[in-house]
Amino acid sequence: MTHKPYFAPTAENMFVITYPEEGVEANYNFPVLLSRSQKCEREGRMEEACNLRYEGVKHLMELIPDEDEVWLDWEESENQPVLELLQRSAIDHFLVGDFEMAAGMLEMLLDLDPEDHLEGTKTLAYCYVALEDYELFDEVINDISDKYAEKEILKLWSDFRRMGTLPAGELIYFRKNFPFFYAEFTADAHPVTPEYLQEIEGDRPSRSALARELWLQTEHLWVLFPGFLEALRMQSA
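Reading the values: the criteria
- Residues numbered from 1 in each chain as written.
- Predicted model: local features only at pLDDT ≥ 70, side-chain atom pairs only at ≥ 80, totals over all residues.
- Heavy atoms only, no water.
- Helix = DSSP H or I, 4+ residues; strand = E, 2+ residues; numbered from the N terminus.
- Contact = heavy atoms within 4.5 Å.
- Areas by Shrake-Rupley, 256 points an atom, 1.4 Å probe, with all protein chains shown as cover.
- Lys, Arg positive; Asp, Glu negative; His and termini not counted.
- Charge placed at Lys NZ, Arg CZ, Asp CG, Glu CD.
- Axes fitted to C-alpha atoms, helices over the stretch in contact; angles between N-to-C directions.
- Parallel < 35°, antiparallel > 145°, perpendicular 65-115°, else oblique.
- Left-handed = near helix turned anticlockwise from the far one by under 90°.
- Salt bridge = Lys/Arg side-chain N within 4 Å of Asp/Glu carboxyl O.
- Buried < 20%, exposed > 50% of the residue type's maximum accessible area, 1.4 Å probe, protein only.
- Pairing = 2+ DSSP bridges.
- pLDDT = per-residue confidence, 0-100.
- Expected span 1.5 Å × (residues − 1).
- Patch = residues over 30% accessible without salt bridge, like charges linked within 9 Å, V, L, I, M, F, W, Y side chains within 5 Å.
- Phe/Tyr/Trp six-rings, centres within 6.5 Å; stacked < 30°, edge-to-face > 60°.

Trainee: Would you mind showing me how to read the overall build of the protein chain here?
Mentor: Per the secondary structure count, the protein chain includes 12 helices and two strands. The secondary structure elements of the protein chain, listed N-terminal to C-terminal, are β-β-α-α-α-α-α-α-α-α-α-α-α-α. Projecting the C-alpha coordinates of the protein chain onto the three principal axes gives extents of approximately 70 × 40 × 30 Å. Considering only contacts in the protein chain between residues 6 or more positions apart, those separated by 24 or more positions represent 58%. For the protein chain, the computed accessible surface area is about 13000 Å², with 49% contributed by carbon and sulfur atoms. For the protein chain, the distance from the average site of its 20 positive side-chain charges to the average site of its 48 negative ones is 8 Å.

Trainee: Could you clarify how one ought to interpret the packing of helix α7 (residues 149–163) against helix α11 (residues 207–224) in this entry?
Mentor: The angle between the axes and the distance between the axes are what describe a pair of packed helices. For the pair α7 and α11, the least separation of the axes is 13 Å and the interaxial angle reads 15 degrees. Judged on the interaxial angle alone, α11 and α7 are roughly parallel. When the axes of α7 and α11 are compared, the crossing they make is right-handed. Contacts from Glu150, Ile153 and Trp157 of α7 reach α11 at Leu214, Leu221 and Trp222.

Trainee: Even after reading the chapter, I still don't get the pattern of salt bridges, so can you show me in this structure?
Mentor: Two side chains bearing opposite charge may form a pair once their charged atoms approach each other closely. Applying the stated criterion to the full structure yields 16 salt bridges. Its salt-bridge partner being lysine 151, residue aspartate 146 comes within 2.7 Å of it at the nearest N-O pair. Overall, aspartate 146 belongs to the exposed group, its relative accessible area being 52%. The class of lysine 151 is buried, set by a relative accessible area of 6%. Here the salt bridges do not stand alone but share partners, grouping Lys39, Glu43, Arg45 and Glu48 into one network.

Trainee: Would you mind showing me how to read the pairing of strand β2 (residues 15–18) here?
Mentor: Two faces, one strand: in a regular strand the side chains alternate between the faces of the sheet. Relative to β2, strand β1 (residues 6–9) runs antiparallel, the two being bridged by four bridges. Residue pairing across strands places tyrosine 6 opposite threonine 18, the latter belonging to β2.

Trainee: Help me out: how do you make sense of the side chain of arginine 212 in this one?
Mentor: Within the element layout of this structure, arginine 212 appears in helix α11. In contact with arginine 212, not counting residues within four places along its chain, are Glu184, Ala189, His190, Pro191 and Tyr196.

Trainee: Please explain the confidence of the model for the protein chain as it appears in this structure.
Mentor: Caution applies to low-pLDDT regions: their predicted coordinates should not be interpreted in detail. Chain-level statistics for the protein chain give a pLDDT mean of 94 and a share of 98% at 70 or above. Per-element mean pLDDT across the protein chain ranges from 88 in helix α12 (residues 228–236) up to 98 in helix α5 (residues 120–130).

Trainee: Would you take a moment to explain helix α4 (residues 99–112) for this structure?
Mentor: Since the α-helix turns once every 3.6 residues, residues separated by three or four places project in the same direction. Relative to the 20 Å expected for 14 residues at 1.5 Å per residue, α4 spans 20 Å between its end C-alpha atoms, a close match to the ideal helical length. Listed as buried for α4 are Phe99, Ala102, Ala103, Met105, Leu106, Met108, Leu109, Leu110 and Leu112.

Trainee: What is the right way to look at a negative patch on the surface in this model?
Mentor: Together, Asp66, Glu67, Asp68, Glu69, Glu107 and Asp111 make up a region of like negative charge exposed at the surface. Its relative accessible area of 85% is what places aspartate 68 among the exposed residues.

Trainee: So what exactly am I meant to see when it comes to the packing of aromatic side chains here?
Mentor: Describing an aromatic ring pair means giving the distance of the ring centres and the angle of the ring planes. In total, this model carries 12 aromatic pairs according to the counting rule given. Both rings, one in phenylalanine 178 and one in phenylalanine 181, keep their centres 6.4 Å apart while their planes meet at 85 degrees; by these two values the pair is edge-to-face. Take phenylalanine 181: its relative accessible area is 10%, and that puts it in the buried class. Members of the aromatic cluster, connected to one another through ring pairs, are Phe94, Phe99, Tyr126, Trp157, Phe160, Phe185, Trp222, Phe225 and Phe228.

In C-alpha cells, the structure reads:
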C-alpha cells in the first residue's frame, strides 16, 4: 500500500488534499517539508531549503488530478502548505534567474488558486518581462491592484525593455503616487541596517521600509538587466 496523499473533491466543486490515516510518505508530507525548509532557511542553509521545496513540488505534480480545472479550496487549511510550498519554490527559481521555471510554477499556482491568495501574479509579471513575453505580461498586469507600487515599476520596466525609454506619463504617476518607492529605486545605496530589519519584521513597517524591501527583492533583476535604474536616476536628476 502506498502512503501518499490525494486530492479529494469537495462539495464546493473544489479539491482538498487528504492524507492517509495510517501515515504518509515523508516526501509527500507537504506541511513537514515546508516547515523543514523554513528551518533550514533560518539556519542559513539556503541550498538545502530550496532543494526541499523543489523536491516537494515535483512530488506534488505527481498527485494533481488529471482534470480540466483543479481548484484548491483556500479555506481548507490542509491546502495552504501545498500552495505556499509551490509559491516559495517558484520564488527560489525567480531569485536565481530561472524565470522560465519560476513562471511555470506560478502559472500552476494560479491554476490551483485562481483567487491568488498568495499574490503570485506580481512575481509572474516580473518573470514575463524578464522572458520578454509581453503578450502574457499584458494579460496579467491588470490583475495587479493599482494600490501596489510594483504595478507601476512593472509597467515602467516593461516599456523600458520594449522601447528603451521610460514613458513620461507613467514616470510622473509613479513619482507622485509612490514617492517612497521612487526615492528608493533612484537612491545610490540601499543599506540593510539593524533599524531596517527591526522595522520590516514589525507589524506596521513604514512605506520607506517597504520600498527598501521591494528593492532588495528585485535587486537581482537590475543586475541581470542593467539600464532601467540608471534611466530612472537620469529622470530624477
